[in-house]
Amino acid sequence: MSTPKEVIEMAKKSGAKLVDIKFVDTFGTWQHFTVPIQELTEASFEEGFGFDGSSIRGWKSIEASDMLAIPDPSTAFIDPFCAVPTLSLTCTIAETGTLEPYSRDPRGIAVKAEQYLKSTGLADVAVLGPEAEFFVFDNVQFDTKSHTSFYTVDSIEAIWNTGADEMPNLGHKIRHKEGYLPVPPLDQFQDLRSEMVLTMMDLGIQIECHHHEVATAGQAEIDFRFGPLLKTADNMMLYKYVVRNVARRHGKYACFMPKPLFGDNGSGMHTHISLWKGDTPLFAGNGYAGLSQVAMNFIGGVLKHAPALCAFCNPTTNSYKRLVPGYEAPVNLAYSARNRSAAVRIPTYSQSPKAKRIEYRPPDPSANPYLAFTALLMAGLDGVLNKIDPGEPMDKNLYELPPEELAKVPQVPGSLDAALTALEKDHEFLTKGDVFTVDFIENYVAKKRAEADAIRLRPHPYEFFLYSDV
């Protein structure tokens, strides 16, 4: 759908009785409210729908809480999970009265990023392709109080259930780190992932593949086709929505935490990115791995600002259970062709100029895609505009480097606190073109520091194992 009129016609043909108004909060959660279909007119796409912004985390104070959700007609779809036929529309947020874009709206920030990119004259579009991983659990329980704390997750496919009384236990449990691409019956979620894929395809997302991932307990990956920044972020929100709801339909729980299991692989969201001007791919050239100077400088900007990027690309305390030095995690701030141990990889599957791109490997699926993709673009653009040299490539296995050589390779921050400190010190590149505002960054840091403090203040169950007898 490209116009309000087309959306309204689609709603009528589908028999929609309701309209679901969706928008994303600062931390990447889809929020929504629903109105009767009679409330949707062509004027609604300019005037928006009112709601109380004071109840959204990190947004308005109560004395100035009225806000407007402005629907984007290109996001329209009929929600497959609603019993009553319902049209879904994703919105950007505006101030009442002036209709000025709200500076703390993540989707609005992504819109400004695309506008800023064009204003530089460097490129017309940033093309991104995320590879989000997740787990499928059969049971999830957790609680924390002043005197107790616990969590437990379970999966019929998990290695720890070889001895479970499942009446009968049919075996076929995936061992730790042996989950990459086995066929059924070891892969017990083929049909579930296929249903997720077909649902996404029905909603207009072009799927490239799906498969089991490395970890036990149903770790999965579904890859969808790359696209422009804003559209890709919209698709990432819809991706999560479909995955969670299809899983729930089958009595399962889809988990996008970066590191829900100890001793096995975490979930990443490796993100591919390239710049285009018209039909010309700007990352193709005659340099290292077939890259252009634009691409090399883009890498330079990403590596320079990577510590600050972590605040948006790895925005939870749990993210740093995955980004741990010494394990197979992309913590080393280097670049390389094919080498998956570097933070920036240049894929070499194809020699076509159109396929030339870089893959930034640290991000994880806890990220708000609008903020993560925008920050990644802004870091790279800073590299291009200031001709930042990325240095020499690292075509070695970084996990096997001698200690004295590895010490020369910078690494990502080791905690959310450290990432937030990096963002506080290094955010000028984000505020170019007023894409991110200082107000947004300060508010974001304050909210995220509160999360870090909440974890730091609480005893950990494993501390009792280590220290109860000190």
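Residues numbered from 1 in each chain as written. Predicted model: local features only at pLDDT ≥ 70, side-chain atom pairs only at ≥ 80, totals over all residues. Heavy atoms only, no water.

A. Fine view of the nonpolar core. One finds Tyr239 and Leu275 to be the most contacted residues of the largest nonpolar core, which totals 95 residues. Per-element tally for this core: the top contributor is helix H6 (residues 293-313), with 13 residues. Every residue in contact with Leu275, bar those within four places of it in the chain, is listed here: Leu117, Ala123, Val125, Ala126, Thr280, Pro281, Leu282, Phe283, Phe298, Leu377 and Leu381. Core analysis: the next-biggest nonpolar cluster, separate from the first, contains 23 residues, Ala16, Ile21, Phe23 and Leu89 among them. (Core = buried A, V, L, I, M, F, W, Y, C linked by side-chain atoms within 4.5 Å. Buried < 20%, exposed > 50% of the residue type's maximum accessible area, 1.4 Å probe, protein only. Helix = DSSP H or I, 4+ residues; strand = E, 2+ residues; numbered from the N terminus. Contact = heavy atoms within 4.5 Å.)

B. Region of the structure containing the side chain of Gln219. As for its position among the elements, Gln219 is in the loop between strand S10 (207-212) and strand S11 (220-224). Classification of Gln219 by relative accessible area gives buried; the value is 0%. Looking at Gln219, its side chain comes within polar contact range of the side chain of Ser267, at 3.2 Å. (Polar contact = N/O pair within 3.5 Å; in protein donor to acceptor, adjacent residues only side chain to side chain.)

C. A look at the side chain of Ser155. Summarising the element assignment, Ser155 is placed in the loop between strand S9 (149-154) and helix H4 (190-202). With near-sequence residues (within four places) excluded, Ser155 lies in contact with Val136, Phe137, Asp138, Trp160, Asn161, Phe189, Ala217 and Gly218.

D. Quick peek at the packing of aromatic side chains. One pass over the structure, following the stated rule, counts 19 aromatic pairs. Relative to Tyr444, the ring of Phe440 has its centre 6.0 Å away and its plane inclined at 20°; by these criteria the two rings are stacked. Taken together, the residues Phe440 and Tyr444, both in helix H11 (residues 438-456) and four residues apart, mark about one turn of the helix. Neither Phe440 nor Tyr444 differs from the other in exposure class; each is buried. (Phe/Tyr/Trp six-rings, centres within 6.5 Å; stacked < 30°, edge-to-face > 60°.)

E. Geometry of the pattern of salt bridges. Evaluated as defined, the whole model comprises 23 salt bridges. A salt bridge links Arg175 to Glu178; its shortest N-O distance comes to 2.9 Å. Overall, the relative accessible area of 43% leaves Glu178 in the partly exposed class. Here Arg456 and Asp417 are joined by a salt bridge, their closest N and O atoms 2.4 Å apart. Residue Arg456 is found in helix H11, and its partner Asp417 is found in helix H10 (residues 416-425); the two are separated by 39 residues along the sequence. Look at the salt bridges and you will find they share partners, linking Asp417, Glu424, Arg449, Asp453 and Arg456 into a network. (Salt bridge = Lys/Arg side-chain N within 4 Å of Asp/Glu carboxyl O.)

F. Up close: the packing of helix H3 (residues 106-120) against helix H8 (residues 369-385). Across the interface, H3 lies against H8 with an axial gap of 9 Å and an inter-helix angle of 25°. Taken together, the axis directions place H3 and H8 in an arrangement best described as roughly parallel. Considering how the two elements wind past one another, H3 and H8 form a crossing that is left-handed. Two secondary-structure elements touch here, H3 through Pro106, Arg107, Ile109, Ala110, Ala113, Tyr116 and Leu117 and H8 through Tyr370, Leu371, Thr374, Leu377, Met378, Leu381 and Leu385. (Axes fitted to C-alpha atoms, helices over the stretch in contact; angles between N-to-C directions. Parallel < 35°, antiparallel > 145°, perpendicular 65-115°, else oblique. Left-handed = near helix turned anticlockwise from the far one by under 90°.)

G. Region of the structure containing the pairing of S9. Judged from the six bridges that link them, strand S8 (residues 139-144) and S9 form a sheet pairing that is antiparallel. Within S9, the position partnered with Asn139 by the bridge is Asp154. Between S8 and S9, which pair antiparallel in sequence order, lie four residues. (Pairing = 2+ DSSP bridges.)

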